[in-house]
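# Understanding the architecture of this molecule
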Amino acid sequence: MMNIESIKVLQKELSSLIGVSGYEDDVSDFILKKIEKENLVDKAWKDNLGNILAVKEGTNGNNRILLDAHTDEIGFMISHIENKGFLRFVPIGGWDTRILLGQSVVIRSEPGKIHRGIIGSKPPHLTSLNERKKIVEISDMYIDVGMDSKEEVVKNNIVIGTTGTLFSPFAEFPNNMVRGKAFDDRTGCNVLLHIMKLLKEGAPVKDTLLFNFAVQEEIGGRGAITGAFNLKPTVAIAIENTTAADVPGIKEAEVPAYIGKGPAITVADKSIICSSKVNERLVKNAELDKIPYQIKKPMYGGTDAGKIHISREGVPSSVVSVPCRYIHSPTSLLKLEDILNTIRLIDAFIRNSANI
Ligand code: CO
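This write-up is about the structure you can find in this document. (Residues numbered from 1 in each chain as written. Predicted model: local features only at pLDDT ≥ 70, side-chain atom pairs only at ≥ 80, totals over all residues. Heavy atoms only, no water.)

## A closer look at the packing of aromatic side chains
Each pair of aromatic rings is reported with the distance of its centres and the angle of its planes. Considering all chains together, one arrives at 3 aromatic pairs under this definition. Ring geometry for F86 versus Y142: centroids 5.1 Å apart, planes at 65°, classification edge-to-face. Here F86 is found in the loop between β4 (75-81) and β5 (87-92), whereas its partner Y142 is found in strand β8 (residues 142-144), with 56 residues between them in sequence. For the cation-ring pair, R116 lies above F167, with the distance from its terminal atom to the ring centre recorded as 4.1 Å. (Phe/Tyr/Trp six-rings, centres within 6.5 Å; stacked < 30°, edge-to-face > 60°. Helix = DSSP H or I, 4+ residues; strand = E, 2+ residues; numbered from the N terminus. Lys NZ or Arg CZ within 6 Å of the ring centre and 35° of its normal.)

This is the structure in structure tokens:
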């Protein structure tokens, strides 16, 4: 079954898990358990880096189609513990430094305990007018977890290397819009899991389907490299979240994608010039099935496809993204229909991927 409700339920579950780059186990274990419990594919396993790889054998097709979505999210790592219990941190992935101050955070200490914190810096009452005009650097911020001493922090298993991210609970907005953290790229994971369900329930597909729920995208597509090498695809699509800057103050020419206009097909970003053959096939399927779609304006961002297309002897690849506002901020906003239409487009593509 695939509908707005099933998409929303899974989006909430995936979004609430914490999986900063390199520490994706909560997310990947959730995904692997789901695949195994629902018996969605022929084979699924966790590789040496932590990727969840999966294979669904085709009937008699020539292609091996890889669908990739990343499990990690941007966050931070504790780099120093002050004697009074305050934590210094370094970013993991590309945060907009301007929005960090005053945010609530969640820190995940082993074995899976969640602690709350607040990002602070020198209070405004104690800063000069000049200081207040400047952007506060991350190195001048700290996390306050309400603990009194370094000893108390360490006793709680918060150590150098412990990771965390900004706190942002899932919520429903009008018009099937939802808000939450880590939509980049739990949304892609949601799409892949729904595609697996459709494969299980629908007619058999000719081509072999390969899946990589990839680790460490946010720090350079590292899981995508080993996943693509292992799975040997002949065609690949990275399923992503992309910036929908359809908000006040942005010129039309500079809006990469729009909310509510369906999946955004990338022609080029900073990491890849997408395969025109794959894109032609995507567009053709969208038009045949009357699925709304949009072409994302170049050259914003980079994705796992940047690594996959130069794997082995080269893999014709593209990127299909769910448009999302406020990406790489504490909270993102997207429209559930855009996820639904992305699933529809990918499902149509894999059932009719000939001549690539
Ligand atoms: Co992403």
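## Section: the coordination of the cobalt ion
For the cobalt ion, the full set of protein donor atoms is H70 (NE2), D184 (OD), E240 (OE) and E240 (OE), at a range of 1.9 to 2.4 Å. Relative to the metal, the 4 donor atoms surrounding the cobalt ion lie at angles of 54 to 139°, and the coordination shape comes out irregular. When the donor residues of the cobalt ion are listed from N- to C-terminus, their spacing reads H-x113-D-x55-E. Of this pair, D184 sits in helix α5 (residues 183-201) while E240 is found in strand β13 (residues 235-243), placing the two residues 56 residues apart along the sequence. By the burial criterion, D184 is buried, and E240 matches it. (Donors = N, O, S within 2.8 Å, 3.2 Å for Na, K, Ca; no water. Tetrahedral: all angles 85-135°; square planar, octahedral: opposite > 155°, others 65-115°. Buried < 20%, exposed > 50% of the residue type's maximum accessible area, 1.4 Å probe, protein only.)

## Here we look at the nonpolar core
For soluble globular proteins, the rule of thumb is that nonpolar side chains tend to be buried together. Ranked by internal contacts, the top residues of the largest apolar core, which has 51 residues, are F211 and F213. Discounting chain neighbours no more than four positions away, the residues touching F211 are V41, I52, L53, A54, L66, L67, L192, I195, M196, L199 and L231. (Core = buried A, V, L, I, M, F, W, Y, C linked by side-chain atoms within 4.5 Å. Contact = heavy atoms within 4.5 Å.)

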